[in-house]
Amino acid sequence: MAIAENLPSTTTERPIGFGRLKRKEDARFIRGAGTYLDDIKLPGMVYGAVLRSPYAHARILSIDTSAALAHPNVAAVVTAKDLETLGLAWMPTISYDTQAVLAGDKVRFQGQEVAFVIATDEYSANDALALIDVEYDPLPPVVNARKALDEDAPLIRDDKSGQRDNLASPTWEAGDEAATDAAFAEADTVVARDIIYPRCHPAPLETCGIIADFNPQTGQLDIYNGNQAPHAHRTVYAHVAGLAEHMIRIRCQDIGGGFGNKVPVYPGYVCAIAGSIVAGVPVKWVENRSENLMSTGFARDYIMKSEICAKDGKITGLRVDVIADHGAFDSTAQPTKFPAGFFHIVCGSYDLQASHVKVKAVYTNKAPGGVAYRCSFRITEAVYLVERMVDALALEMQVDPIDLRMNSFIGSDQFPYETTTGWTYDSGDYAKTMCVAMEIADYAGLRREQAEKRARGELMGIGVSFFTEGVGAGPRKHMDILGLSMNDGADLRVHPSGKAVVSISAQTQGQGHETTFAQIVAEELGIPPEDVEVRHGDTDKSPYGLGTYGSRSTPVSGAAVAVVSRKVRDKARAIAATMLETRPEDLAWEKGRWFVKGDPEQGALIEDIAERAYSGEAMPAGMEGGLDAQVIYDPPNLTYPYGAYIAVVDVDPDTAHVTVRRFIAVDDCGVRINPMVVDGQIHGGLAEGIGIALMELISFDEEGNCLNSSFMDYLIPTALECPDFELGETVTPCPHHPIGAKGIGESPNVGSPPAIVNAVIDALYESHGVDHIDMPCTPARVWAAMQGRPQPPQ
Amino acid sequence: MNVTITVNGREASHEIEPRLLLVHYLRETLDLTGTHWGCDTSNCGACVVLMDGQPVKSCTILAAMCDGHEIRTVEDLERDGKLDPVQEGFHERHALQCGFCTPGMQMTARALLDENPDPTEHEIRTAISGAICRCTGYKNIVSAVRWAAEHEAATKQGA
């Protein structure tokens, strides 16, 4: 077991393949020379701005744009009426619902798009918004998801024929209800909790934006846009705008973070495209921070009722009943056949007798979303639920929460393991990983320290979580989005000089693909990573694939790159055999070179083979010239990374302020391509988890007004809220992934919130009787809980 | 109105709207797009530049207020083909991922080291607490600033 502590200086480390290679992309970023969306200026470009609804629910009586149109710098004002003539008033969501591009009949959430102004500059476009006069007739809003299906609840989606209530998605089930009832009947301990995973927002530092450039002469639509799935976006635009797919080109240059927020197509994008088609010039639209927080993809918002049971000191059963708040339009992100995403991984890391899950989704007068904020579709909600329930059970049983987990884990000899909800976990040694975390934390020492502090009236808490994630969606027989299989392509060309270009369909938002994907090629072909250029973010120059979210990059796209490299290596073997006048099967491989078995002096380097492949010399019989290959990778299964996290918190008894003093994260993500990048991913996800557990919340008042629409009140952790994270690792290679990797980006966000909340409860149970609290654990909410008045976060 | 501002050592005069924010003056008028914008409320720090050596959030400073003042942006960190130790530290310690907060973080770090060449971890965390990074969890940023401090000290000793 290796423990990765403070990053060593690795200036001299230059691995040919896997290892702590410094990032190639840094060179432009440290100079401020990245090219983010708002850095791009096209000749003749004009600027768009969106007028938004001040009401959560209101009928639109009239829209008067005459004063805005009279503004000297305004070129056009687009409303729903104009979009109707283009057939663009409504657009499909990724959950087979429809969403208004601009509201025509009524507005259904505060911040909804009502009109789009195009002007010669950004300031004028925003000035003109104030000149548009919209007359509204306010309607009662549905804010509380638990009341959305009440008889007297106002109907939100009266645009949908046949829609009589606010049900967005009917009850979806997984697991075995009867077997679960039996497990509960046999159990000796049963605990119930109502647990909310409140609405939060990915809030990448760069907001969403687009430049649409339609050329009426050629019919070509060029789009510049920071999104996480450029090929899927292009297909959607072809359907929405009725444009030929091959005449649309999407370029994603540098992206200032995504975290799921940049997966969907937003109304502002369609407005800019419509604007460019109408105006015949490039139209740029970049949302401001309030627009980002109020209207684009929120995350979570799951209201969960759950029971967990145990028998003879071991967890045996779990049942969960969820109401999902999907907002005004159902644009949750997940594969088609999984309306609650992968929430049914809620059986966690435990060898249960049975489990049963029910999820139904409702419409409310809130922004649409349900994106996976740095998690694989709804796994964050699932892990939070089960890890809170296990702690509640441990509290009831008066046992140590780690002991209960250890007694209940799936054994390392049980893999591949079929869960009670139908997942096939590929590999794992959970107890070992838990032990590494306990060792780094000095768990016994922490418990002693806690006892001493309690005696002095100090409130210290130790919280544990153990998660299993399912990432890398996914096998085409099970998973698609809008009918598109969740596969990824890779195209590798080794040039005559031995330098290579690999084109991929994954879309970096900071993950470091330009470095790590070059390392995969380097590992497989034995050429230096600096000789491999990674191309991405241009639909004209990369193979089709579904992009980067759900920790897909390494499990799917990374596998594609490994497989395509091996195809090139196989071709190189045949060419080398011709060069060495022997048979391919008589050659053996070492990094960068094929050589004759038994005569290692006789060999050919990849660069010599590449030179030969493009030369006038003979190729193997029947083989075309060149040294390149192409693949579309269809993963046989998800990969299942896991980890053991321990949080140590101090709660100020006077102010109820929670400080995360230590955070220990031991991840098993299989083989690590670049451990430096992996550690960086973990640090970032832990910070987001601290934010969600303690600070980040999108909430609404009774009128449906969004109360967290800027960074003044949507609080994101700074360097002062984050501890000096302590990382460890175990490595259990994924058996079905070409390089044994499992994906890491989202594990820390998935695993950290329950550890922190468990720690807060651990700090407060003995002294204050707090056995439950909902996130975020702000001082006000912790204080209320300490006084015996817990507040749900609505 | 007309303003004369020295940006990265070059003085220039421009006719501007009185309401023009410094961040927009830098990005739109001067095409210095290394300074980013991330919020409207002075919370995120992506737009931090140095004004007369002090870190300021350029989204809440009017260009008009900079008349006669000196501004330094990320584009001026590298001089004569030599990276600033802060830039080197960020690369060495993997203190950036998407790169969007990086210019503001680096300028904040530069201002800190100019005032306090040997900051403790807590002093670094406090100094950068006005800036948000969504990717790194700050650990490697703290490490990068220490790297820069140590290398700057070593260079001065060697000189």
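Residues numbered from 1 in each chain as written. Chains lettered and ligands numbered in written order. Predicted model: local features only at pLDDT ≥ 70, side-chain atom pairs only at ≥ 80, totals over all residues.

A.B. asks: Report on the overall build of chain A, specifying residues and quantitative values.
C.D. replies: The helix and strand tally for chain A stands at 18 helices and 34 strands. Here the C-alpha radius of gyration of chain A, 27 Å, is about what a compact globule of 794 residues would show, namely 28 Å. Overall, the C-alpha framework of chain A stretches about 80 × 75 × 50 Å when taken along its three principal axes. Nonlocal contacts in chain A, meaning residues at least 24 apart in sequence, comprise 79% of its contacts between residues at least 6 apart. (Helix = DSSP H or I, 4+ residues; strand = E, 2+ residues; numbered from the N terminus. Rg over C-alpha atoms; globule rule 2.2 N^0.38 Å. Contact = placed C-beta atoms within 7 Å.)

A.B. asks: Which residues make up the overall build of chain B, and what values go with them?
C.D. replies: Scanning chain B from terminus to terminus reveals 5 helices and 5 strands. Counted from the first residue to the last, chain B has its helices and strands arranged as β-β-α-β-β-β-α-α-α-α. The buried share among the 159 residues of chain B stands at 58%. Taking the contacts inside chain B whose residues are at least 6 apart along the sequence as the reference set, 62% of them involve residues at least 24 apart. (Buried ≥ 20, exposed ≤ 12 C-beta atoms within 10 Å, placed from the backbone.)

A.B. asks: Talk me through the sheet that holds strand β22 (residues 459-468) of chain A; I want residue IDs and the actual numbers.
C.D. replies: All names here are of chain A. With mixed pairing, the 4 strands of this open sheet are ordered in space as β22-β32-β33-β34. Of all strands in the sheet, those bounded by a partner on one side alone are β22 and β34 (726-729). On average, adjacent strands in this sheet sit at an angle of 15° to one another, irrespective of strand direction. Inspection of the sheet shows strand β32 (residues 642-651) paired to strand β33 (residues 658-668) by 10 bridges, in the antiparallel sense. Note on β33: the bridge partner recorded for Asp-650 is Thr-659. Along the sheet, helix α11 (residues 430-441) contacts β22, β32, β33 and β34; its crossing angle with β32, the most-contacted strand, is approximately 30°. (Pairing = 2+ DSSP bridges. Axes fitted to C-alpha atoms, helices over the stretch in contact; angles between N-to-C directions.)

A.B. asks: Can you tell me about the domain arrangement of chain A, naming the residues and giving the values?
C.D. replies: Buried accessible area, meaning the area lost when the parts come together, often serves as the stated size of an interface. Residues and elements named next belong to chain A. Along its sequence, chain A is organised into domain 1 (37-139 + 207-255 + 262-295), domain 2 (298-473 + 637-786) and domain 3 (488-633). On the side of domain 3, 13 residues touch domain 1, which itself brings 14 residues to the contact. Listed by contribution, the elements that provide at least two residues to the side of domain 1 that touches domain 3 are α6 (230-241) and β13 (248-251). Per-element tally for the side of domain 1 that touches domain 3: the top contributor is α6, with 4 residues. Of the residues assigned to the side of domain 1 that touches domain 3, the class counts are 7 nonpolar, 3 polar and 4 charged. (Domains from an automatic or database assignment. Nonpolar A, V, L, I, M, F, W, Y, C, P; charged D, E, K, R; others polar.)

A.B. asks: Would you mind going over the interface of chain A and chain B in detail, with residue names and values included?
C.D. replies: Residue-level contacts link 45 residues of chain A with 42 residues of chain B. Every element with two or more residues in the side of chain A that touches chain B is listed here: α1 (26-29), α8 (289-295) and α16 (675-694) of chain A. Take the side of chain A that touches chain B: its biggest share by element is 6 residues, from α16(A). The class makeup of the residues in the side of chain A that touches chain B is 18 nonpolar, 18 polar and 9 charged.

A.B. asks: Describe the pairing of strand β2 (residues 58-64) of chain A, and please don't skip the residues or the numbers.
C.D. replies: Residues and elements named next belong to chain A. Pairing of β2 with strand β6 (residues 106-107), which is carried by 2 bridges, proceeds in the antiparallel orientation. In the strand pairing of β6, Ala-58 is matched with Val-107. Here β2 runs beside strand β8 (residues 133-138); their pairing, made up of 6 bridges, is antiparallel. By the bridge assignment, Asp-64 is partnered in β8 with Asp-133.

A.B. asks: Tell me about the packing of helix α2 (residues 85-92) of chain B against helix α5 (residues 139-158) of chain B, and name the residues and values.
C.D. replies: Residue and element names in this part refer to chain B. Their axes nearest at 8 Å, the elements α2 and α5 cross at an angle of 130°. Comparing their axes, α5 and α2 come out oblique. Note on packing geometry: the crossing formed by α2 with α5 is right-handed. Between α2 and α5, the residues in contact are Pro-85, Val-86, Glu-88, Gly-89, Phe-90 and Glu-92 and Ala-144, Val-145, Trp-147, Ala-148, His-151 and Glu-152, respectively. The class makeup of the residues in the contact of α2 with α5 is 7 nonpolar, 2 polar and 3 charged. (Parallel < 35°, antiparallel > 145°, perpendicular 65-115°, else oblique. Left-handed = near helix turned anticlockwise from the far one by under 90°.)

A.B. asks: I'd like a rundown of the domain arrangement of chain B, residues and numbers included.
C.D. replies: Residues and elements named next belong to chain B. Domain parsing of chain B yields domain 1 (2-76) and domain 2 (85-158). Contacts between the two partners involve 16 residues from domain 1 and, on the opposite side, 12 residues from domain 2. Those elements that provide at least two residues to the side of domain 1 that touches domain 2 are β3 (48-51) and β4 (54-57). The dominant element in the side of domain 1 that touches domain 2, judged by the number of residues it contributes, is β3, at 3 residues.

A.B. asks: Provide a residue-level description of unusual backbone geometry, including the pertinent values.
C.D. replies: Residue and element names in this part refer to chain A. Following Ala-473, the chain continues to Gly-474 via a peptide bond in cis, the omega torsion being -25°. Within the secondary structure, Gly-474 is located in the loop between β22 and β23 (480-481). A cis amide bond links Met-775 with the next residue in sequence, Pro-776, at an omega value of -5°. With respect to the secondary-structure elements, Pro-776 resides in the loop between α17 (747-768) and α18 (779-786).

A.B. asks: Please provide a residue-by-residue account of the sheet that holds strand β17 (residues 314-325) of chain A, values included.
C.D. replies: Residues and elements named next belong to chain A. Judged by pairing direction, the sheet is mixed, and its 5 strands sit side by side in the order β9-β18-β17-β16-β10 without closing on themselves. Looking at strand neighbours, the two that pair on one side only are β9 (167-175) and β10 (189-197), the edges of this open sheet. The sheet shows a mean angle of 10° between the axes of neighbouring strands, direction not considered. Two strands pair when backbone bridges link them, and β17 and strand β18 (residues 354-362) are joined in this way by 9 bridges, in the parallel orientation. Bridging from a neighbouring strand, Ile-323 pairs with Lys-360 of β18. Where helix α5 (residues 177-186) meets the sheet, its contacts fall on β9, β10, β16 (302-311), β17 and β18, and the angle it forms with β18 comes to roughly 120°. Lying on the sheet, helix α9 (residues 379-397) is in contact with β10, β16 and β17; it crosses β10 at an angle near 140°.

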